[in-house]
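Descriptive analysis of the structure
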Amino acid sequence: MAQADLIILGGGLVGSTLGVALGVHGLTSIILDPADPAVTLAPGFDGRASAIASATHRMFDAIGIAPGLGDEGCPIAAIRATDGLEPGKLDFVPDAADDPVGVMYENKRLRQAIYDAAIASPHIDLRYKDRAIDVRRDAQGVTVTTAGGDTLTAPLLIAAEGRNSPTREAAGIRVARWSYDHAAIITTLGHAEPHENIAYEIFYPAGPFAILPLNDDAHGHRSAIVWTVDAKDRPAMLKLSDRAFLAEASKKMGGFLGELSNLSARSSYPLGFHHAARITADRLVLVGDAAHGIHPIAGQGLNLGLRDVAALTEVLVEGKRTGLDLGDPYLLERYQRWRGLDTFAVALATDGLTRLFGIPGKAASAVRRFGLSAVDSIPPLKAAFMAEARGETGKLPKLLQGVTA
């Protein structure tokens, strides 16, 4: 029988970061995940790239993940949003003395750095290629029986299993969900002109076309793209030849980055929304996609999960210091209040943007362009959007301020 302060089901980006953050503060965790690291850490496993908000990056610095990322990230100096290729834009440019809006990392680099930090932590018992087959939560604590025949115990269970969390379903937590009938096409490509560290979000009725800056490689300038298409067009987009795909991408971009080349392998996933009615139950906490899933329109999905990590770490560390049972309802309710409102507000905002920019027609487009220009000319409103992009709204956990709890 193995015992720890927490059992974390799911060793992905969010679950493993939580284990690392807790370990920095002396809390022990057992992380259980059915995946094989030889597969998930392979270069071709995840071709996506993620914008790590400046506040989230401060947490990576504080808990020791940032050194493993080295200089692999591409700072985002500004964000530019437009309605198609029409006039009217919204530019987010931080002050010269401020941190960048965020840093772009390829997910394969994030996975490796977080995995390395978890492996190095003396407070984490990392168990891959195993899964929970029986979970019991009662007044005494949590007992998990694994497929490998082990029995694990802890005061608290964390579900970090992703959108289809079986633990959330078994707990009977209701989830609001719907599909956007859209799919995201993910790839990276080279371009003749430099991106100047600007992230572009070009809105079309079928969905946004995001161009996200990456560091140059041996071939020259690079960006990641997240291209939202109608679900019915997904198979055809994946079957296009590289030359045809680059030609279509160039049209969407208006050619402002010059000739496109060096297309990487394409991947795709369906887009949908889900939000758990509660993110806690008896001796159970949901984090990351197990608790909420949003449209990638604002690039906040992973950051939202990592904000869960920062808040939960602070709640549990303070609980441990005061001698509370880590499964105490008071601690779980504090996390529920702290994260429940923030995640719901961000979810509603991204859903609203998705629907607003999906309205077809010249009149709707004209209204959107006017709105973008208006926000661009109102400093307080613009500052509020910038703060959200940087992950600096609401009550910030200490880790997002760059200090340990």
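A few points on the structure. Bear in mind the structure is a predicted one, so any value in this text is a computation, not a measurement.

Definitions and cut-offs
- Residues numbered from 1 in each chain as written.
- Predicted model: local features only at pLDDT ≥ 70, side-chain atom pairs only at ≥ 80, totals over all residues.
- Heavy atoms only, no water.
- Helix = DSSP H or I, 4+ residues; strand = E, 2+ residues; numbered from the N terminus.
- Buried < 20%, exposed > 50% of the residue type's maximum accessible area, 1.4 Å probe, protein only.
- Contact = heavy atoms within 4.5 Å.
- Areas by Shrake-Rupley, 256 points an atom, 1.4 Å probe, with all protein chains shown as cover.
- Axes fitted to C-alpha atoms, helices over the stretch in contact; angles between N-to-C directions.
- Left-handed = near helix turned anticlockwise from the far one by under 90°.
- Nonpolar A, V, L, I, M, F, W, Y, C, P; charged D, E, K, R; others polar.
- Expected span 1.5 Å × (residues − 1).
- Core = buried A, V, L, I, M, F, W, Y, C linked by side-chain atoms within 4.5 Å.
- Parallel < 35°, antiparallel > 145°, perpendicular 65-115°, else oblique.
- Phe/Tyr/Trp six-rings, centres within 6.5 Å; stacked < 30°, edge-to-face > 60°.
- Lys NZ or Arg CZ within 6 Å of the ring centre and 35° of its normal.
- Salt bridge = Lys/Arg side-chain N within 4 Å of Asp/Glu carboxyl O.

What follows deals with the overall build of the protein chain. Across its full length, the protein chain carries 12 helices and 22 strands. Every one of the 405 residues in the protein chain was classed for burial, and the buried ones make up 51%. Considering only contacts in the protein chain between residues 6 or more positions apart, those separated by 24 or more positions represent 73%. Here the protein chain displays about 17300 Å² of accessible surface, and carbon together with sulfur accounts for 55% of that area.

The geometry of helix α1 (residues 13-24) relative to helix α5 (residues 107-120) is characterised by a closest axis approach of 9 Å and an angle of 35° between their N-to-C directions. Taken as a pair, α1 and α5 cross one another with a handedness that is left-handed. Residues L13, S16, T17 and V20 of α1 touch α5, and the partners they reach there are N107, L110, R111, I114, A117 and A118. Class assignment of the residues belonging to the contact of α1 with α5 gives a composition of 6 nonpolar, 3 polar and 1 charged.

Our focus in this paragraph is α5. Counting along an α-helix, one turn takes 3.6 residues, and residues three or four places apart therefore face a common direction. With 14 residues, α5 extends 20 Å between its outermost C-alpha atoms, agreeing within 8% with the 20 Å of an ideal straight helix rising 1.5 Å per residue. Restricting attention to buried positions, one finds in α5 the residues N107, L110, R111, A113, I114, Y115, A117 and A118.

Further remarks concern the nonpolar core. Counting 65 residues, the largest nonpolar core has F60, I65 and I158 as its most contacted members. Those residues in contact with I65, other than ones at most four positions away along the chain, are T17, V20, F60, A113, I114 and A117.

A few words on the packing of helix α3 (residues 54-63) against helix α9 (residues 301-321). Where α3 contacts α9, the two axes come as close as 10 Å, and the packing angle between them is 50°. On the basis of the axis angle, α3 is oblique to α9. α3 and α9 meet at a crossing whose hand is left-handed. For the pair α3 and α9, the contacting residues are T56, M59 and F60 in the first and N303, L306, V309 and A310 in the second. Considered class by class, the residues forming the contact of α3 with α9 number 5 nonpolar, 2 polar and no charged.

Going through the model one piece at a time under the given rule, you end up with 4 aromatic pairs. Directly above the ring of Y269 sits R48, whose terminal nitrogen or CZ lies 5.8 Å from the centroid.

Once their charged atoms are close, side chains differing in charge can pair, the charge on each being opposite to the other. This structure, assessed with the given rule, holds 18 salt bridges. For E318, the salt bridge goes to R334, with nearest N and O atoms at 2.7 Å. Of this pair, E318 sits in helix α9 while R334 sits in helix α10 (residues 329-357), placing them 16 residues apart in sequence. One salt-bridge network, held together by shared partners, links D46, R48 and R111.

Glycine aside, a negative phi is what most residues show, and trans is what most peptide bonds show. One non-glycine residue, N197, lies in the positive phi region at around 60°. As for its position among the elements, N197 is in the loop between β14 (175-191) and β15 (198-204).

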